[in-house]
Amino acid sequence: MKKMIAAVDALHFSPSQVATFRYFAREQNARLTIICLDNFTAELEPMTTMYPESYAVNYAQITAESRASLEWQRNDNIRKLKEVCEDGAICLRIVETNGNPVQEIVKESRFADLLLLSADTSFGSLPDSVPTRFVKETLATAECPVMVLPNSLSAIREIIFSYNGTFSSTYAIRTFTALFPECYSIPVKLLYVEEKNNPHIPYEDKIISYLSLHYDQVTTEVLKGDPARAFLAYLIRRNDCIVTYGAYGRSGMSRFFHRSDAENVLRTVDIPVFITHP
């Protein structure tokens, strides 16, 4: 049985988010642990004003009142989460992050087969982009594969492997295949975007030979144009597939997420995105 963990913010989460995590884990016959991250530091971070002197006088009172309100909200959310977990299908852990939720979830990922996230998971009261900073940093540093799930999950009818012949893209394909052997009957499409005007899929015979040992139906498709735009155009109207991406490694966070295909998909398309790095 696989061990999956899912990260939620104790102050900001939705029932549909938890339901999606639960449904995915159940479909994969996995044991799911929800890591409920409690981070008051980001919520209580003081903001500058036009009148810093008056703000300094009232800050202690504001902070005390804010913390009491946040504690009530946190406790009410945890109560709701415990109700969801009552039947024993999900384990629940409450983790105090002390201002660094990424560090905590990365530590947890070291002992898991798969980490589940929502692209809009964030910490703090200020608006954030999608995917959020928390999600980007977690994807770049997680010590296990990550599946970013939409808030509403449809039935999976196709697996799309993004591929360009590199070790990272092949590693993502092999890791997904090892994690989900029960997906052998789902149709697979190997998707390649032309590079340097070369329409031929790199090592095509080798990758098809490998995939054919694990999946009943394997097809290929070659796209033209900029990879990020081509992938996005291909996936934009899909909600019934999973797509895989290989990252460039822990030190390459900025290179991986700057104008990347994966970030465009996470921002725009409501499909599961599987990301891992060697």
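Residues numbered from 1 in each chain as written. Predicted model: local features only at pLDDT ≥ 70, side-chain atom pairs only at ≥ 80, totals over all residues. Heavy atoms only, no water.

Notes on unusual backbone geometry
Glycine aside, negative phi is the norm for most residues, and most peptide bonds take the trans geometry. The backbone phi angle of Asn29 is positive, close to 50°, even though this residue is not glycine. As for its position among the elements, Asn29 is in the loop between helix H1 (15–27) and strand E2 (30–38). (Helix = DSSP H or I, 4+ residues; strand = E, 2+ residues; numbered from the N terminus.)

Structural notes on the pairing of strand E5 (residues 146–149)
Neither face of E5 is exposed, since Val146 and Val148 on one face and Met147 and Leu149 on the opposite face are all buried. Sheet topology places strand E4 (residues 114–118) next to E5; four bridges connect them, and they run parallel. The residue bridging Leu117 from the neighbouring strand is Val148, located in E5. Examined bridge by bridge, E5 and strand E10 (residues 273–276) share three bridges and lie antiparallel to one another. Bridge pairing in E10 places Val148 opposite Val273. (Buried < 20%, exposed > 50% of the residue type's maximum accessible area, 1.4 Å probe, protein only. Pairing = 2+ DSSP bridges.)

Structural notes on the confidence of the model for the protein
When the pLDDT values of the protein are averaged, the result is 81; 80% of them are 70 or greater. Per-element confidence in the protein is highest for helix H7 (residues 204–214), whose mean pLDDT is 98, and lowest for helix H9 (residues 253–257), whose mean pLDDT is 38. Note on residues 42–59: pLDDT is under 50 here. Beyond four places in sequence and across chains, it has 17 contacts. Confidence drops under a pLDDT of 50 for residues 248–259, and excluding neighbours within four residues, the segment shows 23 contacts in the predicted structure. (pLDDT = per-residue confidence, 0-100. Contact = heavy atoms within 4.5 Å.)

Side note on the packing of helix H4 (residues 101–109) against helix H5 (residues 133–141)
The N-to-C vectors of H4 and H5 enclose an angle of 35°; their axes lie 10 Å apart at closest approach. Of the two possible hands of crossing, H4 and H5 adopt the one that is right-handed. In this structure, H4 uses Pro101, Val102, Ile105 and Val106 to contact H5, whose residues at the interface are Phe134, Glu137, Thr138 and Thr141. Looking at the contact of H4 with H5, its residues break down into five nonpolar, two polar and one charged. (Axes fitted to C-alpha atoms, helices over the stretch in contact; angles between N-to-C directions. Left-handed = near helix turned anticlockwise from the far one by under 90°. Nonpolar A, V, L, I, M, F, W, Y, C, P; charged D, E, K, R; others polar.)

Describing the pattern of salt bridges
This model, assessed by the stated rule, comprises eight salt bridges. In this structure, Arg79 and Asp76 form a salt bridge, with 2.7 Å as the shortest nitrogen-oxygen distance. On the criterion of helical spacing, the pair formed by Arg79 and Asp76 is a turn pair, its members being three residues apart in helix H3 (residues 52–84). Judged by its relative accessible area of 18%, Asp76 falls in the buried class. Among the ionic pairs, Glu143 bridges to Arg110, the shortest N-O distance being 2.6 Å. You can see Glu143 sitting in the loop between H5 and E5 and its partner Arg110 sitting in the loop between H4 and E4, a full 33 residues away along the chain. Three or more residues joined by partner-sharing salt bridges are found here, namely Glu158, Arg238 and Asp240. (Salt bridge = Lys/Arg side-chain N within 4 Å of Asp/Glu carboxyl O.)

Brief notes about the environment of Val218
With respect to the secondary-structure elements, Val218 resides in strand E8 (residues 218–223). On the accessibility criterion, Val218 (23% relative accessible area) is partly exposed. Residues Val218 and Pro187, spaced 31 residues apart in sequence, show a C-alpha to C-alpha distance of 6.3 Å. With residues near it in sequence (within four places) discarded, Val218 still touches Val188, Ile208, Leu211 and Ser212.

What about the packing of aromatic side chains?
Evaluated as defined, the whole model comprises eight aromatic pairs. Where Phe176 meets Phe274, the ring centres are 5.3 Å apart and the plane angle is 85°; that geometry is what we call edge-to-face. Within this pair, whereas Phe176 is found in helix H6 (residues 167–179), its partner Phe274 is found in strand E10, the two being separated by 98 residues in sequence. (Phe/Tyr/Trp six-rings, centres within 6.5 Å; stacked < 30°, edge-to-face > 60°.)

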